[in-house]
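So the chains spell out like this:
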Amino acid sequence: TTEIYTLSLHDALPISGVEPIAVGPTTYYYAGGAFYVQQPTGFAVMPAPLGVTVTTLPPGAAPSVVNGVLYYLANYIYYLPVMQGGVTVYVTANP
């Protein structure tokens, strides 16, 4: 069986700034630095999936250098800045 660790449950997603992200059969919704997955009774905040790209860093993300590589760290999640189409985006990573 698969266990889901729900950190919190919300009736609805934030009104603005929501990025849908498909990971296999699951659609995550990224907003305000949190990753949400729809559940039968609302939206659960879930751990960040590794290797997904987001366009903005979470509030309070701080630079962190690991093995000479710059990441940003927020809520125990590392984000690797990369250029994509001439714009900096951030990929969730495990350095």
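Just so it is clear, the model here is predicted, and its values are computed rather than measured.

With that settled, the discussion passes to the pairing of strand 2 (residues 19-23). Alignment of strand 2 against strand 3 (residues 26-31), held across 5 bridges, turns out to be antiparallel. Along strand 3, the bridge assignment pairs A22 with T27.

Below, the discussion takes up unusual backbone geometry. Not every positive phi belongs to a glycine, and N67 is a case in point at roughly 50°. Position of N67 relative to the elements: it lies in the loop between strand 7 (62-66) and strand 8 (69-74). Judged by relative accessible area, N67 falls into the exposed class, the value being 75%. One non-glycine residue, Y76, lies in positive phi territory at about 70°. Looking at where Y76 falls in the secondary structure, it is placed in the loop between strand 8 and strand 9 (77-84).

On to the confidence of the model for the chain. For the chain, per-residue confidence averages 87 on the pLDDT scale, and residues scoring 70 or more make up 87% of the total. In this model, residues 1-6 is a region of pLDDT below 50 whose contacts with residues beyond four sequence positions or in other chains number 6 contacts.

A few words now on the side chain of S64. Looking at the element boundaries, S64 is found in strand 7. Residue classification places S64 among the buried positions, given a relative accessible area of 18%. Apart from the residues within four sequence positions on either side, S64 is in contact with V69, L70, Y71, L73 and Y78.

Examined bridge by bridge, strand 3 and strand 4 (residues 34-39) share 4 bridges and lie antiparallel to one another. Residue pairing for strand 4: Y30 is matched across the bridge by F35. Turn length for the strand 3-strand 4 hairpin, with the two strands adjacent in sequence and antiparallel, is 2 residues, and the turn residue G32 shows positive phi of about 60°. Both strand 4 and strand 5 (residues 42-46) contribute to a ladder of 5 bridges, which runs antiparallel. The partner of Y36 across the bridge, within strand 5, is V45. What sits between strand 4 and strand 5 in their antiparallel hairpin is a turn of 2 residues.

Basis of the calculations
- Residues numbered from 1 in each chain as written.
- Predicted model: local features only at pLDDT ≥ 70, side-chain atom pairs only at ≥ 80, totals over all residues.
- Heavy atoms only, no water.
- Pairing = 2+ DSSP bridges.
- Helix = DSSP H or I, 4+ residues; strand = E, 2+ residues; numbered from the N terminus.
- Buried < 20%, exposed > 50% of the residue type's maximum accessible area, 1.4 Å probe, protein only.
- pLDDT = per-residue confidence, 0-100.
- Contact = heavy atoms within 4.5 Å.

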